[in-house]
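Structural overview for review
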Amino acid sequence: MKIRIKFAKYGSLRFVGHLDMMRYFQKAMRRADIDIAYSEGYSPHQIMSFAAPLGVGITSEGEYLDIEVHSSKSDQEALRALNEVMVEGVSVLQYRELPQGARNAMSSVAAADYLVYWKEGDFGCPDALPELSRALREFYRGQKEILITRQTKKGEKTMDLKPLIFELEAVDVKDFRTARKLDGFPEEGLQLPCQGVGFFMKVCTGSTDNVKPELVLSAFSDYCEATGDCGFRFEPFRMQIHRVEVYARESGDFIPLGEIGCHIN
Amino acid sequence: MRKLALNDEILLKIDKPARYIGNEVNMVRKDPEEVDVRFAICFPDVYEIGMSHLGIQILYDMLNRRPDTYCERVYSPWPDLHAIMKEQKIPLFTLETQSPVREMDFLGITIQYEMCYTNILQILDLSGTPLYATERTWEDPIVIGGGPCTYNPEPLADFFDIFYIGEGETRYDELLDLYKECKEKNCSRQEFLEAAAKIPGMYVPALYEVTYHEDGTIASFGPVKEEIPARVKKEIVMDLTDTPYPTKPLVPYIKVTQDRVVLEIMRGCIRGCRFCQAGMIYRPTRERNLEQLKQWAYEMLKNTGHEEISLSSLSSSDYTRLKELVTFLIEEFKGKGINISLPSLRIDAFSLDVMSKVQDVRKSSLTFAPEAGSQRLRDVINKGLTEEVILEGAGQAFEGGWQKVKLYFMLGLPTETEEDMREIPRLAEKIAERYYEIPKDKRNGKCQITISTSFFVPKPFTPFQWAPMCRRDEFLERARVVNEEVKQQLNRKSLKYNWHEADVTVLEGVFARGDRRVGRVLLKAYENGCIFDSWTEFFVNEKWLSAFQETGISMDFYNSRERSTDEILPWDFIDCGVSKEFLKREWEKAQRGIVTPNCRMQCSGCGAMQFEGGVCFENKN
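Residues numbered from 1 in each chain as written. Chains lettered and ligands numbered in written order. Predicted model: local features only at pLDDT ≥ 70, side-chain atom pairs only at ≥ 80, totals over all residues. Heavy atoms only, no water.

Description of the overall build of chain A
Tallying secondary structure elements over chain A gives six helices and eleven strands in all. Against the globule reference of 18 Å for 265 residues, chain A gives a C-alpha radius of gyration of 20 Å, in line with a compact fold. In terms of its C-alpha atoms, chain A occupies a principal-axis envelope of roughly 60 × 40 × 35 Å. Counted over contacts in chain A with a minimum sequence separation of 6, partners at least 24 positions apart contribute 75%. For chain A, the exposed surface amounts to about 12,400 Å²; the carbon and sulfur share of it is 48%. Here chain A contributes 33 positively and 39 negatively charged side chains, and the mean placements of these two sets differ by 3 Å. (Helix = DSSP H or I, 4+ residues; strand = E, 2+ residues; numbered from the N terminus. Rg over C-alpha atoms; globule rule 2.2 N^0.38 Å. Contact = heavy atoms within 4.5 Å. Areas by Shrake-Rupley, 256 points an atom, 1.4 Å probe, with all protein chains shown as cover. Lys, Arg positive; Asp, Glu negative; His and termini not counted. Charge placed at Lys NZ, Arg CZ, Asp CG, Glu CD.)

So this is what it looks like as C-alpha cells:
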C-alpha cells in the first residue's frame, strides 16, 4: 500500500538540504520500524518520493513524501513511532493511506503557499511599510504582465510571471498564524517577526513552471525601485521564507496534497 | 530552541552549512549549567571525516555517561568558513550547545595523522586560546591530545597541556575527578598539571626538558622535577567485553565518509609487519566477544537506521570467530535492506564466498596489499603474503566472476633495489596472465589491475624507526622506474598505475620522527597560511618550504640520515609495551631478510605479554 506523510521542517533543520532530508527519512523509517518496501537488486533502496524540494534556508509546515509499505500500523501509531525518532526541527504531521491509483506526490504538485516575513536577527526591524499593501496590489493586479528576465544556459530569457502567481497579498503574520493553527506544528517553528508584516503568496510549483518566492519578491523590489512606490527592497538574508502548503490541481481546484488519502485504523 | 553560533547570512553563503548546526540524531543534550566539567572533543579535520571516526564516538559516549560531564564536539571549519571567522572574529564553537570552545574545561584533540597538525593550530587559534601551552591560564581549556600520533608527541609538545598515551577508556575518570578536585580546592593550573602527570599514561610536556648534542641529536630528556615520572607507559584496555561502546552513535545529516554502523571486532594485530606502527603500538591483539558484537549490531542498526554495517579492525581475517560473525550478519540482515560491507579480508575460498553474497561481483574489486614487489623485500618487511597465495586467490576470484584487482605497494622501503621496484608491475602482469588463462567464452572482457604505490615513511615504535627515508626526488625516481616497467608488460593495457606526489610524504616524515624543535616549522607554516594540508586542493608546498627556510630547520636531519640504535630518540620516554630490544632485533632481522612468525604461530617476546592478556595468553587457560 501507498502512504503519504506530511511533515514540518524548521529551526536549524532549514540548513539541511533536500537530498540529505531524503537520507534522513530513509534512516528514520528504519528507526521507527515502518514496514517500508525496497526495490530489488544488490543495493536495494526504499520506495520513497518527495513532493517538491525545499531550498536550503526555507522552513515549512507543508512537506510531503510518499512511501510504499508492505503493512502498516494505524495512522496514529505510525505518527507516534515516527515522531519518537525525529530530531528537533522535524515534526511528522500526518500519515495517510493513498487510494489505489493515486498520482504520486511529485507528479501531482501544482502550487504552493508561502509566507515570507522579516526575521529577527542582527539587522533590526524594517521601517513601517504602510504603503506595502497598496503597492503590492498595484504590482500584482494593476499590471497586465509581470515581465522578468532570467539567466538560462542559452542566454537571457524573458518570461511573464503573472499567470504563475495565483495569489499575492500583504498579511499580518500573527493574524495569519492565529487563523491557521496547525496540529503538531510547534509554536517556535515560526520565529515571529518584530512587526506582523509579511507576504502571502500562492505560486505555480512543480517540474515545468516552478516559481520560487524569491523571484516574486525581487520582481516586486525592482518594481518599487522603478516606480519609486513604497520603500520595499528585497534583502534575502533579512527575510524568512516559510512554505505553508503544497497543492495538487484537480479539475481546476487546488487540493492540499494531504487531503488526498484516508485514515488507517 | 537552540540558537546557532553562525547567523543565517553566513550559513547560507558557505558550503554545507549542516556541518555546523549539530542537532543530529542521537546527539546528547544536557544543561551546561548542571554539569561540573564541559569537555569539547575535536577531530581536527572537516566534519565528514571527523564524524566517521570511531574513537571520537566511543569517547563521546563514554564521557557523556558521567552525569557531571557534558562532552560536545568540534571539527575544523572548512577554509570558506575559516576566512569568515577570522575576519569577523567569530570564536570557534561546539556543535551541541554552540558555545565558544574557550568556555570549556577541556579541549580534547585526537591526532590521527601528521598532516592535520596545522589544523590543530587552526582550532586553537579560532578558539582564542594561546597557541603555546605555557601562556594559557584557567580562562583557557586544558588542551589534551590523544591518538596514534601521540606516540611521538614531541613536534606538538609546545601546543598541548597533556597528551594521553594509549586507549581512552582507562584513565579519563581519574583525570576528570582530579580536575574537579583541583577546581574545588582552587589549585593553580600548574598544580593541576603536575598532579595529572602522575596519572599513568599522562604526559605533560612542559614538565620535561630536552638538551641536544652539537650534531643536533638528543643529549638528554627527562622530567624537571623528581616526582614526575621519567617514563610514560601507554594505557590499554585488557578486557574489551566490559568497555563502553556507543550503541547509539550519532547519525549525521550530510553524507560522511563512514555512513554506516561500525563494529569494532578487535584491537591490535598479530602480523608484525615491520613498517606498521599500528601493528606495534596496539599490541597485544585483543578480540571482542562474539555474542556481544551480535547484540550491538542489532541495537546500533535499530538506533541509527543506517542501511549498512561494517567491521573494523587492523586485520579482520585474524578474528578467530569471523566466519560465525559474518554468517550471522548476512543471515540476519541481508534480507532487511541492510548492506554488509566487508573490510579487506584475506582472499581465500571463504572470503570469496561471502563477498559474492554481499557485493555485485562484476562491479566490485579485490584488494591485495603485498606492499613490496619481490619476495625478498616482502621478507624484509615481514609481510607474509607470497606470490603463490596472491595468484591462487586472484585465480579463484577470476573463476568466480571478478575482473578487477587492486594492488597496494610502498616505494622506498629499506634495502629496496631497482629489481624490487620492477617486480611490482611483473606481479601485476602475472595476475593479468592468470585472468587470460580463462577461456574467452567464460570470461567477461578485459581484466583491470590497478597498481597503487605510496611512499614509505618510517614511524616511531617500528623496527624501521632507525631507517633513513628517501628524499622527494628519490621517491619520484622510483615511481618513474615502476611506471616504465608497467609499459613493458605484455598485458599493459590491463594495468593501471597510480602514484602519489612526494611533497606531502617528506613532511609526514619530518613530523613522524621530529623532536620538539620542529614545532617551530609548524607554527610558521600555519602563519604562512597552511591549513587542510591533507587536502590536495589546499596543500601549498612553497609555504612549507619557506617555513623550513625561515626557521632554519633541516628536513634531511629528520628524514635522510640513518639513526644509530644508541641514539636517544624523541619518543624513547614512552613505553608502548613493545621493548626497544625487540625492535632492534627486528631491525637486524629485516636487514638479513629473516621473517618473524606471527603472534599465534610463535611468541617472539616483544614485551606486550606484560599486559597479561590478549593473544599472548590465548589457549593458555
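Regarding the nonpolar core
If you look at the biggest cluster of nonpolar residues, it comprises 237 residues, and the most contacted ones within it are F25 of chain A together with F192 of chain B. Setting aside residues no more than four positions away along its own chain, F25 of chain A makes contact with F7, Q46, M48, F50, L65, M86, V90 and V92 of chain A. Of all hydrophobic cores here, the second largest spans 46 residues; its members include V203, C204, L215 and Y223 of chain A. (Core = buried A, V, L, I, M, F, W, Y, C linked by side-chain atoms within 4.5 Å. Buried < 20%, exposed > 50% of the residue type's maximum accessible area, 1.4 Å probe, protein only.)

Observations concerning the sheet that holds strand β14 (residues 339-341) of chain B
To summarise the sheet geometry, strands pair through backbone hydrogen bonds and adopt either a parallel or an antiparallel arrangement. Residue and element names in this part refer to chain B. The sheet built from three strands is open, its strands ordered β10-β13-β14 with parallel pairing. Of all the strands in the sheet, the pair left with one neighbour each is β10 (261-264) and β14. Recorded for the sheet is a direction-independent mean angle of 20 degrees between the axes of neighbouring strands. Summarising the sheet, β10 and strand β13 (residues 308-312) pair through four bridges and their orientation is parallel. Within the sheet, the bridge partner assigned to L263 lies in β13 and is L311. (Pairing = 2+ DSSP bridges. Axes fitted to C-alpha atoms, helices over the stretch in contact; angles between N-to-C directions.)

Details of the environment of Y172 of chain B
Residue and element names in this part refer to chain B. Looking at where Y172 falls in the secondary structure, it is placed in helix α6 (residues 172-184). With a relative accessible area of 7%, Y172 lands in the buried category. Sequence-wise, Y172 and L59 are 113 residues apart; in three dimensions their C-alpha atoms are separated by 9.4 Å. With residues up to four places along the chain from it excluded, the contact list for Y172 reads F39, L59, M62, L63, I144 and Y164.

Comments concerning the sheet that holds strand β17 (residues 448-455) of chain B
All names here are of chain B. Strand order in the open sheet formed by four strands is β15-β16-β17-β18, and the pairing between neighbours is parallel. One side of each edge strand has no neighbouring strand; the edge strands of this open sheet are β15 (366-371) and β18 (495-499). Going from strand to strand, the sheet's axes swing by 20 degrees on average, the running direction of each strand aside. With five bridges joining them, β17 and β18 adopt parallel strand pairing. Looking at the pairing, I451 lines up with Y497 of β18. Contacting β15, β16 (404-411) and β17, helix α13 (residues 387-399) crosses the sheet at an angle of about 170 degrees to β15.

Description of the interface of chain A and chain B
Contact with chain A, which involves 29 residues of that partner, is made by 36 residues of chain B. A combined buried area of about 2,800 Å² lies between chain A and chain B, and 57% of that area is made up of carbon and sulfur atoms. For the interface between chain A and chain B, the tally reads eight salt bridges. At the junction of chain A and chain B, the tally comes to 16 residue pairs in polar contact (both at pLDDT 80 or more). Here the residues of the side of chain A that touches chain B sort into twelve nonpolar, six polar and eleven charged. (Buried area = accessible area lost by both parts, 1.4 Å probe. Salt bridge = Lys/Arg side-chain N within 4 Å of Asp/Glu carboxyl O. Polar contact = N/O pair within 3.5 Å; in protein donor to acceptor, adjacent residues only side chain to side chain. Nonpolar A, V, L, I, M, F, W, Y, C, P; charged D, E, K, R; others polar.)

Here we look at the packing of aromatic side chains
In total, this model carries 53 aromatic pairs over all chains according to the counting rule given. Summarising the aromatic geometry, the rings of F139 of chain A and F220 of chain A are spaced 5.2 Å apart at their centres and angled 55 degrees between planes, so their arrangement reads as tilted. A residue pair is termed long-range when its members are at least 10 positions apart, and F139 of chain A in helix α4 (residues 132-142) and F220 of chain A in helix α6 (residues 213-227) qualify at 81 residues. Like F220 of chain A, F139 of chain A is buried. With 5.9 Å between their ring centres and 75 degrees between their planes, Y298 of chain B and F328 of chain B make a pair best called edge-to-face. Of this pair, Y298 of chain B sits in helix α9 (residues 290-304) while F328 of chain B sits in helix α10 (residues 322-333), placing them 30 residues apart in sequence. Three or more aromatic residues joined by ring pairs make a cluster, and in this case those are F39, F106, W138, Y164, Y172, Y179 and F192 of chain B. Looking at R73 of chain B, its charged tip hangs above the ring of Y60 of chain B, at a distance of 5.7 Å from the centre. (Phe/Tyr/Trp six-rings, centres within 6.5 Å; stacked < 30°, edge-to-face > 60°. Lys NZ or Arg CZ within 6 Å of the ring centre and 35° of its normal.)

Digging into the domain arrangement of chain A
Residues and elements named next belong to chain A. Along its sequence, chain A is organised into domain 1 (2-107) and domain 2 (109-256). Taken together, the 21 residues of domain 1 in the interface contact 18 residues of domain 2. For the pair domain 1 and domain 2, the summed buried area comes to about 1,600 Å², and 48% of that belongs to carbon and sulfur atoms. The interface formed by domain 1 and domain 2 contains two salt bridges. Between E63 and R243 there is a salt bridge; the shortest N-O distance is 2.9 Å. (Domains from an automatic or database assignment.)

Describing helix α16 (residues 503-513) of chain B
Among the eleven residues of α16 of chain B, nine are classified as buried, and the element is accordingly described as predominantly covered. On its buried face, α16 of chain B is in contact with α5 (117-127), β17, α15 (472-487), α17 (519-527), α18 (541-551) and α19 (555-559) of chain B.

Remarks on α18 of chain B
All names here are of chain B. Along α18, the residues that are buried comprise N541, W544, A547, F548 and T551. Considered in projection along α18, the buried side chains sweep an arc of 120 degrees and stay on one side of the axis. For α18, exposure combined with an orientation more than 90 degrees from the buried face picks out E542 and Q549. Against α5, α16, α17 and α19 lie the buried residues of α18. Backbone geometry just after α18 places G552 at a positive phi near 65 degrees. (Arc of directions from axis to C-beta.)

What about a positive patch on the surface?
Residue and element names in this part refer to chain A. On the surface, R150, K153, K154, K157 and K212 cluster together into a patch of positive charge. Mapped onto the elements of the fold, K157 is located in strand β7 (residues 155-160). Residue K157 is classed as partly exposed on the basis of its relative accessible area, which comes to 48%. (Patch = residues over 30% accessible without salt bridge, like charges linked within 9 Å, V, L, I, M, F, W, Y side chains within 5 Å.)

What about the pairing of strand β1 (residues 2-9) of chain A?
Residues and elements named next belong to chain A. A large share of β1 lies buried, amounting to seven of its eight residues. Where β1 meets strand β3 (residues 59-68), seven bridges bridge the pair, whose relative direction is antiparallel. Bridged to K9 within β3 is S60.

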